[in-house]
Amino acid sequence: MSDSSLTIRDIVARAVVAPISRPVRTAAGVIPAAPLVLLDVHTEQGITGHAYLFGYTPLTLVPLVKLAEQLGDVLRGKKVAPFERMKELDLRFRLLGTQGLLGMVLSGLDMAFWDILGKATGQPVVQLLGGEPRPIRAYDSYGFVDPKTDAADIQRSLDQGFQGIKIKVGVGTLAQDIASVSAVRQMIGPDIALMLDFNQSLGPTEACHRIEKLGQFDPYWVEEPVSAQDLQGHARVRASTRVPVQTGENWWFPRDMQRAISASASDFVMVDLMKIGGVSGWMAAAAQADAASLPLSSHIFIEASSHMLPVTPTCDWLEYLDFAGAILENPYAVINGAVCARGPGLGIAWNEEAIARHAVH
C-alpha cells in the first residue's frame, strides 16, 4: 500500500487508569496508578495507528479525550503525513500556543500517524527513520525510596541487568537525602550508574548546597534540581558543581530545547515524546542535541522511545518506567537491562480485556 493513499477516517480516544508495578513517589505527590488516554487513529484504508498519553493525574483524562475527539473533526479526510499535519496544527493553534494538554494530544497523534506508516509498510518506526532495532540500555526509575522496604525491588532491578538506578531526592532534609542516597549506593555498588531526580523541588541556592554534599556518592546526573522553566537557575547550578545536570522532560516542542541549549542549562538532555512533539518533534530535538554534543535520554514512553533512541546520534539511556504494560497485548520487556524496538509501527497492540477492566467512563 502506498503511504500517500492513507487517509484519516476517525480519531477515537479512551481513558484508563492502568495499574503499575509499584507506586511512584515524587516531589509533587504519589502516582499510585497510570492515568492514560489511548489514541486510535483509523484510516479509510483499514489501518489503525495506536499511541497513548500519560495524564499525570486522572483530572486530565476527560479534557484530553475531548480534545482528541474534536481534533478528529479537524483532521478527518486528510492524509497521514506527520510533518504536514503537525505544521498545519501548529499554524492553527499559534495564537493559543501548543503547550499543555493540547500539546500532549498533538504529540500523541503524531506518534499514532507514524505507527500507521510503519504498519502500512510492514516496518518498525525505527526502520522507517533509517535505523534498525537494537537493544538500548535502560535504567530503572524509582520514586523516593525507603532503603529497607525497597531493597528487594532494587535487587530485582539488578538481577534484571539494569546498569542504572534513578531515585527521587530533594523533598525532605539534606540529612534524609544523604541517608537515602548512601544506602542505595551501598546496595548497588560503585559500578551501577546512580541518577538523582529532584523533580524541580529546590531553589538554585539550596540545590547547589545539596548537590555539593551528595557528590560524594558519584551521581551519574542530578535531574531538574530547580523549576524546569528556570533555565538561568539550571545554568547556575551547572556552573557550581562537577556533577552533570540533566533536564528536558518538561520542554514543550523543539523551540523550548533550543532556548535551554542557548542558556547552557544542562550537561545532558531528556526528551519526552508527549511534550517534544512526538516522533517528528523528537527528530528535530535529536538534531539539536547532536549539534550541541549533548547526550540524550528518554522520559517514560518506553515503547516509542525504543524506536527513537537508535536514530539519535547522542543516544544515552532509556528511562524504564512502564506505565502502559498492563493494558498492552505484549508489553515491552527488559532483557539484560536493555529494551529493543519491535514492529510493525511502534509495536503497540491493546489488550481490550484489560482496557475494559481499567476503563474510566
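Residues numbered from 1 in each chain as written. Predicted model: local features only at pLDDT ≥ 70, side-chain atom pairs only at ≥ 80, totals over all residues. Heavy atoms only, no water.

Participant: Would you explain the overall build of the protein in this entry?
Facilitator: Per the secondary structure count, the protein includes 13 helices and 12 strands. Over its C-alpha atoms the protein spans a radius of gyration of 20 Å, differing by no more than 12% from the 21 Å that the globule rule assigns to 361 residues. Its C-alpha atoms put the protein at 60 × 40 × 40 Å along the principal axes. By residue count, 58% of the 361 residues in the protein fall in the buried class. In the protein, the proportion of contacts linking residues at least 24 apart, taken out of those at least 6 apart, comes to 70%. When the accessible surface of the protein is totalled, it reaches about 14400 Å², and 52% of it is carbon and sulfur. Where the 30 positive side-chain charges of the protein centre and where its 38 negative ones centre are 3 Å apart. (Helix = DSSP H or I, 4+ residues; strand = E, 2+ residues; numbered from the N terminus. Rg over C-alpha atoms; globule rule 2.2 N^0.38 Å. Buried < 20%, exposed > 50% of the residue type's maximum accessible area, 1.4 Å probe, protein only. Contact = heavy atoms within 4.5 Å. Areas by Shrake-Rupley, 256 points an atom, 1.4 Å probe, with all protein chains shown as cover. Lys, Arg positive; Asp, Glu negative; His and termini not counted. Charge placed at Lys NZ, Arg CZ, Asp CG, Glu CD.)

Participant: Sorry, what's going on with the side chain of His299 here?
Facilitator: Examined against the element boundaries, His299 turns out to sit in the loop between strand E10 (296–298) and helix H12 (302–308). A polar contact is formed between the side chain of His299 and the side chain of Asp272, at a distance of 2.5 Å. Apart from residues lying up to four places away in sequence, His299 is in contact with Tyr56, Glu249, Met270, Val271, Asp272 and Glu319. (Polar contact = N/O pair within 3.5 Å; in protein donor to acceptor, adjacent residues only side chain to side chain.)

Participant: When you look at the packing of aromatic side chains in this model, what are you seeing that I'm missing?
Facilitator: How two aromatic rings sit relative to each other is given by the distance of their centres and the angle of their planes. In this structure the tally under the stated criterion is 11 aromatic pairs. Where Phe83 meets Trp114, the ring centres are 6.0 Å apart and the plane angle is 90°; that geometry is what we call edge-to-face. One end of the pair, Phe83, is in helix H2 (residues 82–92); the other, Trp114, is in helix H3 (residues 100–121), with 31 residues separating them in the sequence. Under the relative-accessibility criterion, Phe83 is labelled partly exposed at 48%. Aromatic side chains Trp221 and Phe268 sit 5.7 Å apart centroid to centroid with 55° between the ring planes, which places their arrangement in the tilted category. With Trp221 in strand E7 (residues 221–223) and Phe268 in strand E9 (residues 268–271), the pair connects residues that are 47 residues apart, well separated along the chain. (Phe/Tyr/Trp six-rings, centres within 6.5 Å; stacked < 30°, edge-to-face > 60°.)

Participant: Is there a simple way to explain the layout of surface pockets in this structure?
Facilitator: The gaps left among the atoms become clear once a water-sized probe is rolled over them. In this structure, the largest pocket occupies an estimated 580 Å³ of space. What lines the largest pocket is a set of 33 residues, among which Thr26, Ala28, Ile31, Phe54 and Tyr56 lie closest to the centre. Those elements that place two or more of their residues in the lining of the largest pocket are strand E1 (8–26), strand E2 (29–43) and strand E5 (164–168). With 6 residues, the single largest contributor to the lining of the largest pocket is E2. Among the residues forming the lining of the largest pocket, the class breakdown is 17 nonpolar, 8 polar and 8 charged. Of the voids in this model, the second largest pocket is the one considered here, and its volume is about 480 Å³. (1 Å grid on protein atoms, 1.4 Å probe; cavity = no way out; pocket = protein on both sides within 12 Å on 5 of 7 lines; lining within 4 Å. Points joined across faces, edges and corners; volume = space filled by probe spheres on them. Nonpolar A, V, L, I, M, F, W, Y, C, P; charged D, E, K, R; others polar.)

Participant: For this particular structure, what's the right way to read unusual backbone geometry?
Facilitator: Looking along the chain, the bond that leaves Gly343 and enters Pro344 is cis, with omega of 0°. Not every positive phi belongs to a glycine, and Ser293 is a case in point at roughly 55°. Within the fold, Ser293 resides in the loop between helix H11 (278–291) and E10.

Participant: Just checking my understanding: could you explain the pattern of salt bridges for this structure?
Facilitator: Pairing is possible between side chains of opposite charge, provided their charged atoms come close. Counted according to the given criterion, the structure contains 21 salt bridges. Taking the shortest distance from any N to any O, the salt bridge between Arg22 and Asp140 comes out at 3.1 Å. Separated by 118 residues along the polypeptide, Arg22 in strand E1 and Asp140 in strand E4 (residues 136–141) bring together distant segments of the chain. You'll find Arg22 and Asp140 in the same group, each marked buried. Taken together, the salt bridges that share partners define one network made up of Lys166, Lys168, Asp197, Glu223 and Glu319. (Salt bridge = Lys/Arg side-chain N within 4 Å of Asp/Glu carboxyl O.)

Participant: What exactly am I supposed to notice about empty space enclosed by the protein here?
Facilitator: The final tally for this structure, using the stated rule, is 2 cavities of 30 Å³ or more. Space inside the largest cavity adds up to approximately 40 Å³. At the level of secondary structure, the elements contributing two or more residues to the lining of the largest cavity comprise strand E3 (48–54) and H12. Roughly 30 Å³ of volume is contained in the second largest cavity. In terms of lining residues, the second largest cavity is bounded by Pro82, Arg85, Met86, Leu89, Leu106, Leu109, Asp110 and Phe113. Looking at side-chain class alone, the lining of the second largest cavity contains 6 nonpolar, no polar and 2 charged residues.

Participant: Whenever I open this one, the sheet that holds E1 confuses me. Can you help?
Facilitator: The strands that make up a sheet pair up through hydrogen bonds in the backbone, lying either parallel or antiparallel. Taken together, 3 strands build an open sheet; the order of strands is E1-E2-E3 and the sheet is antiparallel. The sheet is open, and its two borders are formed by E1 and E3, each paired with just one other strand. Averaged over all adjacent pairs, the angle separating strand axes in this sheet is 20°, with direction ignored. The pairing of E2 with E3 spans 7 bridges and is classified as antiparallel. For Val41, the partnering residue across the bridge sits in E3 and is Gly49. (Pairing = 2+ DSSP bridges. Axes fitted to C-alpha atoms, helices over the stretch in contact; angles between N-to-C directions.)

The quantities given are spatial measurements derived from coordinates; they are silent on function.
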